[in-house]
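In case you want the letters, here they are:
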Amino acid sequence: MGDFFKEIKERIERLEKKKEKNIWYALSYIGSISVIFLLPVIAGAYIGWWLDGRYRIGKISWTITGILVGVFIGIYNVYQVFYKRNIKEFR
């Protein structure tokens, strides 16, 4: 059974090596960066906007707080997905 999984792993590695990196690969890479980064920012802005409408507490703007939290989460997501993935490819 171990040989079966080893053979599958070798086939996947060969297919990944053959993968051609062209303009479509670059565009998909850029697109995935934008989705991974922008979704937390948009979600944070929406949740902050909802909190502002629901619970208005003094001078605190929940929208700005949500956007900032979303930016930090987006940066962390981009770091996790791309930096960690690139480190694993060099091993």
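Being a predicted model, the structure only gives us computed values, none of them experimental. Residue numbering note: each chain is counted from 1, following its sequence as written. It should be noted that, the model being predicted, local features are given only for residues of pLDDT at least 70 and side-chain atom pairs only at 80 or more, the latter also being counted only at that level, while totals for whole chains, interfaces and linings use all residues. In computing side-chain properties, one takes all heavy atoms of the structure into account and sets aside hydrogens as well as water.

Quick look at the overall build of the protein chain now. Assigned secondary structure in the protein chain consists of three helices and zero strands. The helix count covers DSSP runs of H or I at least four residues long, the strand count covers runs of E at least two residues long, and both are numbered beginning at the N terminus. Helices (α) and strands (β) of the protein chain occur, in sequence order from the N terminus, as α-α-α. Throughout this description, buried means an accessible area under 20% of the type-specific maximum (1.4 Å probe, protein chains only), exposed means over 50%, and partly exposed covers the range between. Taking all 91 residues of the protein chain together, the buried fraction comes to 10%. Contact between two residues is taken to exist if any of their heavy atoms lie within 4.5 Å; hydrogens are not considered. For the protein chain, restricting intrachain contacts to residue pairs at least 6 apart in sequence, the fraction spanning at least 24 positions comes to 61%. For accessible areas, the Shrake-Rupley method is used with a probe of radius 1.4 Å. Any residue's cover is judged against the shown protein chains and nothing else. Of the roughly 8,000 Å² of accessible surface on the protein chain, a fraction of 68% belongs to carbon and sulfur atoms.

A cluster of nonpolar side chains, namely Tyr46, Ile47, Trp49, Trp50, Tyr55, Ile57 and Ile60, defines an oily patch on the protein surface of about 780 Å² accessible area. Among the secondary structure elements, Ile60 is positioned in the loop between α2 (23-54) and α3 (62-89). Like charges within 9 Å and nonpolar side chains (Val, Leu, Ile, Met, Phe, Trp, Tyr) within 5 Å are joined into patches, using only residues over 30% in relative accessible area that form no salt bridge. The salt bridge definition used is simple: a Lys or Arg side-chain nitrogen within 4 Å of an Asp or Glu carboxyl oxygen.

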